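Descriptive analysis of the structure
Here's the letter readout for the chains.
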Amino acid sequence: MAMRAAAAAAAARGGLGRRVFSTFNFAPPPNPAAAAAPPQAEPSTNLFVSGLNKRTTTDGLREAFSKFGEVAHARVVTDPVHGYSKGFGFVRYTTLDEAAEGIKGMDGKFLDGWVIFAEYARPRQPRPPPGENGAPPSPRY
DNA sequence: AGTGAGCGA
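Okay, so let's go over this structure. (Residues numbered from 1 in each chain as written. Chains lettered and ligands numbered in written order. Predicted model: local features only at pLDDT ≥ 70, side-chain atom pairs only at ≥ 80, totals over all residues. Heavy atoms only, no water.)

A word on helix α3 (residues 58-65)
- Burial in α3 covers these residues: Leu61, Ala64 and Phe65. For α3, the arc enclosing every buried residue in end-on projection is 90°, short of the 170-degree limit, so these residues lie on one face. Exposed and facing more than 90 degrees away from the buried side of α3 are Asp59 and Glu63.
- The secondary structure elements touched by the buried residues of α3 are β1 (46-50), β2 (71-78), β3 (85-93), α4 (96-106), β4 (110-111) and β6 (117-120). (Buried < 20%, exposed > 50% of the residue type's maximum accessible area, 1.4 Å probe, protein only. Helix = DSSP H or I, 4+ residues; strand = E, 2+ residues; numbered from the N terminus. Arc of directions from axis to C-beta. Contact = heavy atoms within 4.5 Å.)

Listed below in structure tokens is the structure:
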């Protein structure tokens, strides 16, 4: 009666009574994330370099990468308060071709005793809007 | 501890 009908309706809606014994729901792998966020970013002149020795400095990074092209910019990311390297950095070449050579020449190589990894950097996070008082200096390029 | 993956004043 009414109860039976209600239960049947609930089951039909996919409630507690949902039991699927055999289905060919071979879930189609919908990985839009993998398609939208490939492990390696698309080519750019900007390189992300990780695996650095903690005492590798911006200069050491530039010296190492300048063997494969003209380094327009190099930076080892350091903690602003402790001043120690975070172990990764960025290198920017003047041309895409040099960037490609830099990756081929430096990825997986040693720098200061550590195997480093060089890849194309992702586009940087949107710049924080400058505050009204004491606007934080924008990154200089 | 600079303890080791990562995307930046």
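Some details on the protein's contact with DNA strand B
- Around DNA strand B sit 23 residues in total, of which Asn46, Leu52, Lys86, Gly87 and Trp114 are the nearest.
- Here the atoms of DNA strand B within 4 Å of the protein split so that 20% fall in sugar or phosphate, with bases taking the remainder.
- A distance of 2.5 Å separates a base nitrogen of DNA strand B from a polar backbone atom of Lys86.
- One of the backbone N or O atoms of Gly87 is found 3.0 Å from a base oxygen in DNA strand B.
- When contributions to the surface near DNA strand B are tallied by element, the ones reaching two or more residues are β1, β2, β3 and β6.
- Of the residues forming the surface near DNA strand B, the biggest block, four residues, is contributed by β3.
- Of the residues contributing to the surface near DNA strand B, the split by class is ten nonpolar, seven polar and six charged. (Near = heavy atom within 4 Å. Polar contact = N/O pair within 3.5 Å; in protein donor to acceptor, adjacent residues only side chain to side chain. Nonpolar A, V, L, I, M, F, W, Y, C, P; charged D, E, K, R; others polar.)

Interpretation in functional terms is not warranted from these geometric data alone.
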